[in-house]
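Each chain, letter by letter, is given below.
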Amino acid sequence: MTDAAGQKDLTPEQRADDGRAPRARREDPFPVKGMDAVVFAVGNARQAAHYYSTAFGMRCVAYKGPETGSRDEAAYVLESGGARFVLKGAVRAGTDLGRHVAEHGDGAIDLAIEVPDAETAYRHAIAQGARSVEAPHVLEDEYGKVVVAAIAAYGETRHSLVQRADYSGPYLPGYVAVDPVVAPPAKRYFQAIDHCVGNVELGKMDEWVEFYQRVMGFTNMKEFVGDDIATEYSALMSKVVADGTRKVKFPLNEPAIAKKKSQIDEYLEFYGGPGMQHIALATGDILHAVDAMRASGVEFLNTPDSYYEDPELRERIGEVRAPIEELQKRGILVDRDEDGYLLQIFTKPVQDRPTVFFELIERHGSLGFGKGNFKALFEAIEREQERRGNL
Ligand SMILES: [Fe+2]
């Protein structure tokens, strides 16, 4: 039996569950090319551009602001390989961008997706019940044209649908190419956006999973954090939806009632509603990235020594590409599944509010998101507690 014939016996859900069967383009109701950009609203885009240049090693490639005719906002475009961030700040009072920052603090306003055909993607999304934010329109300059539309996602987040095949400018019409804010490092810290996680309210996760299935034809990836792990260890429930090619991956979290107040509840309280929680950045050398970013002042979450020294965990980590001691020194976590393993680490929140943070992820076959680390970390902590007689 060929692979294709075997697939026929599976439901769409089961097909998605193998996590590695891209559907043929013609069957895909909402084909995507990948993440186009993550657009942030920030209190001071000029300084944020400096932070992401120096601390994340990103290259500032484009700008718009009052000097280029943008009267209301300044925006800096930063890239690292295929990962693109756009940092927007208000340059005067009374703008919607300024209101967004006042309400939510610095955060992501747009998880923009590159599509081959923005008009078709938009029409499909609207027909499937998505709320329109911007009807399709053409932006043009001497570098060509871009078609952009936008639909609403959770909270005040939107998904711009960007068709840029006929454009060769640095970002979008209206932006001008600029020299880097600071010289980028010789070796990139990361190459791509691996996934963008949304936090939604208690009981809303399945609604949003269904939204991405219906509107974008995304399917569930196998990883989900249900009651079993949630209530005992992680304080969150999580499911992951992704496009057929697995280039765009959106995990969705909701709070769970656990031993402690959920980190998702804390986010929702301080962000003032649902929003993007973290971006995972795909790196080919997580050890180098962590060292360089830490040296530039990025703070990462600590991992207890027991995570590495505990025999049960050591067994679980198994053979990885770097000595455990090197991972331990940096607090890098390991998760493993039947496909391989991944190395990951999380930053602390990167703004005043305890909301948005980043993850570095180095994949070696694994298509997961680090679910095993919830349990492993908490269990390691509990075993330590037990040794101290405090459990
Ligand atoms: Fe993640």
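The shown structure was predicted, so the numbers you read here are calculated from the model rather than taken from an experiment.

### Section: the UniProt feature "domain: VOC" (unreviewed entry) in the protein chain
Feature annotation in UniProt places "domain: VOC" (unreviewed entry) on residues 34-164 and 192-348, given in this structure's numbering. What you have in residues 34-164 is 22% helix and 48% strand, and the ends, taken at the C-alpha atoms, are 12 Å apart.

### Describing unusual backbone geometry
Notably, Arg246 is not glycine yet its phi reads approximately 65 degrees, a positive angle. Locating Arg246 in the fold gives a position in the loop between strand S12 (236-242) and strand S13 (249-255).

### Examining the domain arrangement of the protein chain
According to the domain assignment, the protein chain contains domain 1 (27-177) and domain 2 (192-387). The centre of domain 1, based on its C-alpha atoms, is set 25 Å off from the matching centre of domain 2. Those elements giving two or more residues to the side of domain 1 that touches domain 2 turn out to be strand S1 (34-41), helix H4 (96-104) and strand S5 (107-114). Sorting elements by how many residues they give to the side of domain 1 that touches domain 2 places S5 first, with four residues. Looking at the side of domain 1 that touches domain 2 residue by residue, the classes come out as 14 nonpolar, 12 polar and three charged.

### Quick look at the environment of Ala48
For Ala48, the location among the structural elements is in helix H3 (residues 45-54). Of the residues examined, Ala48 has 21 C-beta atoms within 10 Å and is grouped as buried. The spacing of Ala48 and Tyr76 is 28 residues in sequence and 8.8 Å in space, taken between C-alpha atoms. Contacts of Ala48, omitting those with residues within four sequence positions, involve Val42 and Leu87.

Cut-offs applied
- Residues numbered from 1 in each chain as written.
- Predicted model: local features only at pLDDT ≥ 70, side-chain atom pairs only at ≥ 80, totals over all residues.
- UniProt positions renumbered as here; feature names shortened; annotations may be inferred.
- Helix = DSSP H or I, 4+ residues; strand = E, 2+ residues; numbered from the N terminus.
- Domains from an automatic or database assignment.
- Nonpolar A, V, L, I, M, F, W, Y, C, P; charged D, E, K, R; others polar.
- Buried ≥ 20, exposed ≤ 12 C-beta atoms within 10 Å, placed from the backbone.
- Contact = placed C-beta atoms within 7 Å.

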